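In case you want the letters, here they are:
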Amino acid sequence: MLPSSLTKMHHRLHLHYGLATIFLSGSMHPVRTTKATWLLALDEAVNNGLNMITIYVMWSSHQPFQDQPFNWSLPMQSVVCEHQDDGSCEWTLAHALWAAARRGLFVHLRLGPYVCAEYTYGGIPEWLPLKYPDMEMRRLSLQWMTLMREYLEQAITYLRANRLFAYQGGPILFAQIENELGDDGSVDDALYKNESLQKYADWCGAVAHELAPDVIWTMCNGLSANNTITTFNGDFAARNWLEAHGETGRIQIDQPAMWTEAEGGFQIWGEEPTAPSDYYWGRTARSMAYFTLQWFARGGSHLNYYMFYGGQNFGRMAAAGITTNYASDAVLCSSGQRHEPKFTHFQDLHRTLASVAHVMVNAESALLKNESLSVLLPGNVWDDGTDQQMFVYSGAGPRSEVIIAENNSNESVIVRIPSAVIGNVVLKMDPFSALLLIDGDIAFDTASIAPKRLTYARNFSDAVDILSCSGQVEPVEAGILSERTLTSSIPLEQTYLMVNSSLSSDYAWYGTTLSLAQDVPFATLSIETSQANAMVIYIDGRFVGASDTHNHKEGNATLDIYIGNLEVGNLSLAILSESLGYGNLLGRWGAGTRAKTKGIIGNVWLSSPSNSFNISLVDGRSWQSHAGLHGEHSEIKSPGTSSGSGGVWSTARFKTPLYDMSSIGLFWEISLGRGHFSLNGKDLGRYWNITQGNTDEASQRYYFLPPDLLARSGGVNTLNWFDAFNNSCQGFELRLSWIFQRKDAGFMDEVAFPMACI
């Protein structure tokens, strides 16, 4: 039963009806799930020992088009439920939050409106900066502050009407405003952590308190207002942050220590897990458990795993270069299946922490009260270790002495731990590990995973029968008569095309003509575009080349595409642009505060190294710019009736197999092409056969098909996908998959261990 209010908050602990606790939380985002997978993930959060979940609210998901009212429904409505009017199948933000409450889970709701989250545009609607081009987002800009306040009013009114705040008896214990404000490691801090930005932070705190004065507000990882709790985001620097009492100097003075993002990484198309270009791919269970114990040893009151369950980047949710499976190295796989041995190792950790929480939070913090441990040196000599220490929490009665011992060196050591209950305890500690001892006995070792936890493996069914599969071509043209085609003297920026057409698509067609007075051998077409953008080139309806930049970066890029030999005469040029996601940074890490761009954003020129040929194609000639694919609005033609093929739309039909959806998943395996795919009309995001660096391993080979998007068992489903490279009904299968335990070793505690998550 959830408490009706947070009755008191102390610098060390949180009290509910006089009972002390620590919060073990996990991030999961309802927009990245369906209702069925959300409920499964909540059940698994409880099974894992969590008592809180942390949720981002994405503004762009609830107001995707300008001049439309806010809609608090979530995007992936069950296919089976679409024609039911009794309300039992509703899938809204309120339903997602109350589902957590029914399981005894508190909620930390992060309202933004900027959320980062490897989510396209950081959760800001892409139409917003186009409608207000002079507005600076996340700054002391009157227009931004007015719009942000309107968003917050809408969100808080909705949450209050559904009685979701803790003071109303709901699950929302904390709410966060803004996100990582002033956090920037790539430039001089003075550019970001300045007086103007601090005034903006103070305004955020003031408006939050004005709109919801009975809510405990937080601000994370950067600047914060005095009336909000400053929280930590990050990985290895957590203990340093605690020892400095946070960025404000108030942590464990008059504010509790909250870790909003104990970060576990994310995945980028085309990169290797061992050397990603940005951040990291994942972290082992041993490593994350080690830093978790370090946090609680120093008086932490709250820790949130980012992510506990990543889910899927449906539709156009993925930020620049981010894979469809989000945070696939998290505690739960993107399908909701358990990621072993991480799940059970964390489960053991959380059960141990829960068993001693009453001791730890009722005692004073051991921050800066650590004691050096004696280490056995050569010659059987004991001496104080330089990187070995312990933190002690004591209470009354049995199981009331809690010691967290750390070995913060890269070597194994033998340590002597003094226990007031049983005397000295001598034992070996692995490198970079921590132990939790209760009354002198080892209750949890971050470095030790029981052998039975390492016996999980994955199995697959035979391929599911495909009833039929057919293809249709996408016309190679931008100038088709359509209200979504605009003619001008320049190619028009892609976001503008989408907003102008009230369309949500990753694609745009561009077309023009050129007249060559001479042959152009070894021709290259160069296009000024943005990071995370792909281009496919056609001459007279014939594919001649393609290129992309799939970096998880902000900023502009130029694609140089070799298109071969061009002969003298009049030619038709068509360019298919595909956005691979907007960057998720705004006003930080070098990213601007105004509109982001996609598609062709500047010059297009044709060149040849053999005869110094170089001409601009943005020289006043006529260009056609078309929003979206023709096939997205049924403007496609049957095979053989088009002058060329600008990609292929494939449609496969299959019956829903009979299986236990709580433990078994249905996956689409595909090895060819790139594009978007949909199940029964629901866009499930991008697929791509790109490999991890120079390896043969695909960045993502399997794509989860959520059970509540399928027809009822035995019913017929439609799987539809577009491929920019003309692979029609090739290289795909449907398979059921599940994990199981066997007698010998299976999954290891390694980042991106094969088949642990698919």
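Residue numbers here run from 1 along each chain, matching the order of that chain's written sequence. Totals for whole chains, interfaces and linings use every residue, but because this is a predicted model, local features are given only for residues with pLDDT of at least 70 and side-chain atom pairs only at 80 or more, for both listing and counting. Excluding hydrogens and water, the side-chain figures rest on all heavy atoms present in the structure.

Quick look at the overall build of the protein
Where we set the bar: We count a stretch as a helix when DSSP gives it H or I for four or more residues in a row; a strand needs E for two or more, and each element gets its number in order from the N terminus. Our radius of gyration is a C-alpha quantity, and the globule rule it is checked against amounts to 2.2 Å times the number of residues to the power 0.38. Exposure categories follow from relative accessible area, calculated using a 1.4 Å probe and restricted to protein chains: below 20% of the type maximum is buried, above 50% is exposed, and the middle band is partly exposed. Only heavy atoms enter the contact rule, under which two residues are in contact if any of them lie within 4.5 Å.
Scanning the protein for helices and strands turns up 10 helices and 37 strands. The C-alpha atoms of the protein give 28 Å as radius of gyration, which agrees with the globular expectation for 758 residues (27 Å, within 12%). Oriented by its inertia axes, the alpha-carbon framework of the protein measures out at about 90 × 65 × 60 Å. For the protein, with 758 residues in total, the buried portion stands at 61%. Across the protein, contacts joining residues at least 24 apart in sequence account for 75% of those joining residues at least 6 apart.

Points about the confidence of the model for the protein
We apply this condition: Per-residue confidence from the predictor is given as pLDDT, running between 0 and 100.
Averaged over the protein, the pLDDT score is 93; the fraction of residues at 70 or greater is 93%. For residues 185-189, every residue scores under 50 in pLDDT, and the model assigns this stretch 5 contacts once sequence neighbours within four places are set aside. Below pLDDT 50 for its whole length, residues 637-643 participates in 14 contacts with residues either more than four positions away or in separate chains.

What to know about the side chain of Gln-692
For clarity, the threshold we go by: Any pair of N or O atoms that falls within 3.5 Å is considered a polar contact. Within protein, one atom must be able to donate a hydrogen and the other to accept it, and sequence-neighbouring residues count only if both atoms are side-chain atoms.
Secondary-structure assignment places Gln-692 in the loop between β34 (682-688) and β35 (702-705). At 3.3 Å, the side chain of Gln-692 and the backbone oxygen of Ala-698 are in polar contact. Beyond its immediate chain neighbours, meaning those up to four positions away, Gln-692 contacts Gly-270, Glu-271, Glu-272, Pro-273, Trp-281, Glu-697, Ala-698 and Ser-699.

Looking at the sheet that holds strand β28 (residues 604-608)
Applicable threshold: Whether two strands pair depends on DSSP finding at least two bridges between them. To obtain an axis, a line is fitted to C-alpha atoms, over the contacting stretch when the element is a helix, and the angle between two such axes runs from 0 to 180 degrees between their N-to-C directions.
Judged by pairing direction, the sheet is antiparallel, and its 4 strands sit side by side in the order β26-β23-β28-β29 without closing on themselves. Of all the strands in the sheet, just β26 (556-566) and β29 (613-616) have a single pairing partner and so form its edges. Neighbour-to-neighbour, the strand axes of the sheet open up by a mean angle of 20°, direction not taken into account. Two strands pair when backbone bridges link them, and β28 and β29 are joined in this way by 4 bridges, in the antiparallel orientation. Residue pairing across strands places Trp-605 opposite Ser-616, the latter belonging to β29.

Focus: the state of the cysteines
Throughout this description, disulfide means a covalent bond between two cysteine sulfur atoms. Formally: Two cysteine sulfurs form a disulfide in these notes if their separation is within 2.5 Å.
One pass over the structure, following the stated rule, counts 2 disulfides. The disulfide partner of Cys-333 is Cys-757, and the S-S distance across this bridge is 2.0 Å. Since a negative S-S torsion denotes a left-handed disulfide, the Cys-333-Cys-757 link at about -75° is left-handed. Residue Cys-333 is located in the loop between β11 (302-306) and α9 (342-362), and its partner Cys-757 is located in the segment after β37 (732-741); the two are separated by 424 residues in the primary sequence. Taking the relative accessible area as the measure of exposure, Cys-757 reaches 19% and is therefore buried.

Section: the pairing of strand β15 (residues 413-419)
Side chains Val-413, Val-415, Ile-417 and Ser-419 project from β15 onto a buried face, and the interleaved Ile-414, Arg-416 and Pro-418 project onto a face without burial. Of the pairings in the sheet, the one linking strand β12 (residues 371-377) to β15 comprises 2 bridges and is antiparallel in character. Of the residues in β15, the one forming a bridge with Ser-374 is Arg-416. As judged from the 7 bridges shared by β15 and strand β16 (residues 423-429), these two strands associate in the antiparallel manner. Its bridge partner being in β16, Arg-416 is matched across the sheet by Val-426.

Points about the pairing of strand β36 (residues 716-723)
On any regular strand, side chains alternate: one points to one face of the sheet, the next to the other face. Extensive coverage of β36 is indicated by the burial of 6 of its 8 residues. Note that strand β31 (residues 645-655) and β36 share 8 bridges and pair antiparallel. Note that in β36 the partner of Thr-651 across the bridge is Asn-720. Of the strand pairs in this sheet, strand β33 (residues 674-679) and β36 are connected by 3 bridges, and their pairing is antiparallel. From the neighbouring strand, Phe-677 faces β36, where its bridge partner is Trp-721.

Focus on the sheet that holds β31
Reading across from one edge, β20-β31-β36-β33-β34 is the order of the 5 strands in this open sheet, with antiparallel pairing throughout. The open sheet has two edge strands with one neighbour each: β20 (468-475) and β34. Ignoring which end each strand starts from, the neighbouring axes of this sheet average 20° apart. Judged from the 7 bridges that link them, β20 and β31 form a sheet pairing that is antiparallel.

Regarding helix α5 (residues 142-161)
The criterion, for reference: Here the expected length of a helix is defined as 1.5 Å per residue gap, with one fewer gap than residues. Of all possible arcs, the one meant is that of the directions from the helix axis to the C-beta atoms.
Along its 20 residues, α5 runs 28 Å from first to last C-alpha, staying within 8% of the 28 Å computed at 1.5 Å per residue. Among the residues of α5, those classed as buried are Trp-144, Met-145, Leu-147, Met-148, Tyr-151, Leu-152, Ala-155, Ile-156, Tyr-158 and Leu-159. For α5, the angular spread of buried residues about the axis comes to 165°, placing them on one side. Of the residues in α5, the exposed ones pointing more than 90 degrees away from the buried face are Leu-142 and Ala-161. Where α5 ends, the next residue or the one after it, Arg-163, has phi of about 50°, a positive value.

Overview of helix α6 (residues 195-211)
Spanning 17 residues, α6 covers 24 Å between terminal C-alpha atoms, matching the ideal 24 Å at 1.5 Å per step. Along α6, the positions that sit buried rather than exposed are Leu-197, Tyr-200, Ala-201, Trp-203, Cys-204, Gly-205, Val-207, Ala-208 and Leu-211. Those residues of α6 that are buried lie in contact with α5, β7 (172-177) and β8 (216-220).

Thoughts on the packing of helix α8 (residues 285-297) against α9
Basically, it comes down to this: Each angle is binned into one of four classes, with values under 35 degrees roughly parallel, values over 145 roughly antiparallel, values of 65 to 115 roughly perpendicular, and all other values oblique. Note on residue categories: nonpolar means Ala, Val, Leu, Ile, Met, Phe, Trp, Tyr, Cys or Pro, charged means Asp, Glu, Lys or Arg, and polar means any other residue, Gly included.
Close contact between α8 and α9 brings their axes to 10 Å; oriented N to C, the two are set at 10°. Between α8 and α9, the angle falls in the class roughly parallel. For the pair formed by α8 and α9, the contact residues are Ala-285, Arg-286, Met-288, Ala-289, Thr-292, Leu-293 and Phe-296 on the first element and Lys-342, His-345, Phe-346, Leu-349, Leu-353 and Met-360 on the second. For the contact of α8 with α9, the class distribution of residues is 9 nonpolar, 2 polar and 2 charged.

Quick notes on the pattern of salt bridges
Opposite charge on two side chains makes pairing possible when the charged atoms of those side chains draw close. Selection rule: The working definition used for a salt bridge is a side-chain nitrogen of Lys or Arg within 4 Å of a carboxyl oxygen of Asp or Glu.
The full count for this structure, using the stated rule, is 27 salt bridges. Across the pair Arg-316 and Glu-126 runs a salt bridge whose closest N-O atoms are separated by 3.4 Å. Of this pair, Arg-316 sits in the loop between β11 and α9 while Glu-126 is found in the loop between β6 (106-112) and α4 (128-131), placing the two residues 190 residues apart along the sequence. As a salt-bridge pair, Arg-621 and Asp-619 come within 2.9 Å of each other at their nearest N and O atoms. Residue class for Asp-619 comes out partly exposed when judged on its relative accessible area of 47%.

Some thoughts on the packing of aromatic side chains
Quick note on the threshold: Pairing of aromatic side chains here covers Phe, Tyr and the six-membered ring of Trp, requires ring centres within 6.5 Å, and sorts the geometry by plane angle: under 30 degrees stacked, over 60 edge-to-face, intermediate tilted. Over a ring means this: the NZ of a Lys or the CZ of an Arg is within 6 Å of the ring centre and within 35 degrees of the ring normal.
Per the stated rule, a full pass over the model turns up 39 aromatic pairs. Geometrically, the ring pair formed by Tyr-56 and Tyr-306 is edge-to-face, given 6.2 Å between the ring centres and 70° between the ring planes. Here Tyr-56 is found in strand β5 (residues 52-56), whereas its partner Tyr-306 is found in strand β11, with 250 residues between them in sequence. A relative accessible area of 6% means that Tyr-306 is categorised as buried. Three or more aromatic residues joined by ring pairs make a cluster, and in this case those are Phe-236, Phe-266, Tyr-279, Tyr-280, Tyr-290, Phe-291 and Phe-432. Over the ring of Tyr-326 we find Arg-32, and its NZ or CZ is 3.8 Å from the ring centre. Taking NZ or CZ as reference, Arg-416 lies 4.5 Å from the ring centre of Trp-382, over its face.

A word on the packing of helix α1 (residues 35-47) against helix α3 (residues 93-102)
As a reminder of what qualifies: Two helices that cross are described as forming a left-handed crossing if the nearer one is turned anticlockwise from the farther one by less than a right angle, and a right-handed crossing if clockwise.
Between α1 and α3, whose axes approach to 10 Å, the crossing angle comes to 25°. Considered as vectors, α1 and α3 are oriented roughly parallel to each other. Judged by the twist between their axes, the crossing of α1 over α3 is right-handed. Taken together, the residues of α3 that come into contact with α1 (itself represented by Trp-38, Leu-39 and Leu-42) are Ala-96, Ala-99 and Ala-100.

Re the environment of Ala-557
Take Ala-557: it is sitting in strand β26. Through-space distance from the C-alpha of Ala-557 to that of Gln-531 is 5.5 Å; in sequence the pair is 26 residues apart. Beyond its immediate stretch of four places on either side in the chain, Ala-557 contacts Ile-527, Glu-528, Thr-529, Ser-530, Gln-531 and Thr-549.

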